[in-house]
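Here is how the chains run, residue by residue.
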Amino acid sequence: MQFSNLDQFKNVVKDYVVFEGKDVIFAKHDNTRYRVMCAPTCPWTILCSWAHDLKSYQVETFIDTHSCPREMKLGCAITKWISEKLALYIRTNPNVEGEDVMNHNTIGYGLNVSSNKVYKAWGIARDIVVGFEREQYGKILIKIVALLLK
Ligand SMILES: [Zn+2]
């Protein structure tokens, strides 16, 4: 599996571990390598590093065996992760309400997250969507002004 950058790798791993219910440790080595480990007694680990011949980041080591139980409460920046997923959901469902947000989160990912955390993530998600829309609106406005000035 190849990645264009380490953030892309980290996002894919985060989706995977949240879906699996694992609380992992993201340990960036440097700008060319990134390791993710599970609990100290669990063998699960994944290491991604820069592959010169492929000109991309590639998974170098992947031990996909857990000896740890499923975690229902994940600490790996879960609010930010939920807010990013909710931002995608809000873009396609702009009239979403609070109860819809709870159902989307718990049904879609099987997480046991407090309602306070979900509402906090919902607020962040709305800010992400509004920021994106402002950015898009600004780009359109610039194009319109450029056309009018011709
Ligand atoms: Zn594990």
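Cut-offs used in this document
- Residues numbered from 1 in each chain as written.
- Predicted model: local features only at pLDDT ≥ 70, side-chain atom pairs only at ≥ 80, totals over all residues.
- Helix = DSSP H or I, 4+ residues; strand = E, 2+ residues; numbered from the N terminus.
- Buried ≥ 20, exposed ≤ 12 C-beta atoms within 10 Å, placed from the backbone.
- Contact = placed C-beta atoms within 7 Å.
- Expected span 1.5 Å × (residues − 1).
- Core = buried A, V, L, I, M, F, W, Y, C linked by C-beta atoms within 7 Å.
- Pairing = 2+ DSSP bridges.
- Axes fitted to C-alpha atoms, helices over the stretch in contact; angles between N-to-C directions.

**Student:** A description of the environment of Lys10 should follow, citing residues and the corresponding values.
**Tutor:** Here Lys10 lies in helix H1 (residues 6-20). What makes Lys10 partly exposed here is the crowd of 16 C-beta atoms within 10 Å. Among residues more than four places away in sequence, those in contact with Lys10 are Phe26 and Tyr34.

**Student:** I'd like a description of helix H4 (residues 115-149), backed by residues and values.
**Tutor:** In this model H4 runs 50 Å from its N-terminal to its C-terminal C-alpha over 35 residues, within 8% of the 51 Å that 1.5 Å per residue would give. Taken together, the buried positions of H4 are occupied by Val118, Ala121, Trp122 and Ala125.

**Student:** Explain the nonpolar core residue by residue, including any values.
**Tutor:** Listed in full, the eleven residues of the largest apolar core are Phe3, Phe9, Val17, Val18, Val24, Tyr34, Val36, Cys38, Ile46, Cys48 and Tyr57. Among the secondary structure elements, those contributing two or more residues to this core are H1, strand E3 (33-37) and strand E4 (45-51). With three residues, the top contributor of residues to this core is H1. By size, the runner-up hydrophobic cluster in this structure holds nine residues, among which are Ala87, Ile90, Val101 and Ala125.

**Student:** Talk me through the sheet that holds E3; I want residue IDs and the actual numbers.
**Tutor:** Sheet strands associate in pairs through backbone hydrogen bonding, adopting either a parallel or an antiparallel arrangement. One open sheet accounts for five strands, arranged E1-E5-E4-E3-E2; its pairing is antiparallel. Both edges of this open sheet fall to strand E1 (2-3) and strand E2 (25-28), since each of them pairs with a single strand only. Pairing of E1 with strand E5 (residues 56-63), which is carried by two bridges, proceeds in the antiparallel orientation. In the strand pairing of E5, Phe3 is matched with Tyr57. Contacts from H1 reach E1, E2, E3, E4 and E5, with the element oriented near 15° to E3.

**Student:** Just give me the short version of the environment of Lys80, but keep the residues and values in it.
**Tutor:** Positionally, Lys80 belongs in helix H2 (residues 78-92). In the structure, Lys80 is positioned 37 residues away from Lys117 in sequence and 9.8 Å away in space, judged by C-alpha atoms.

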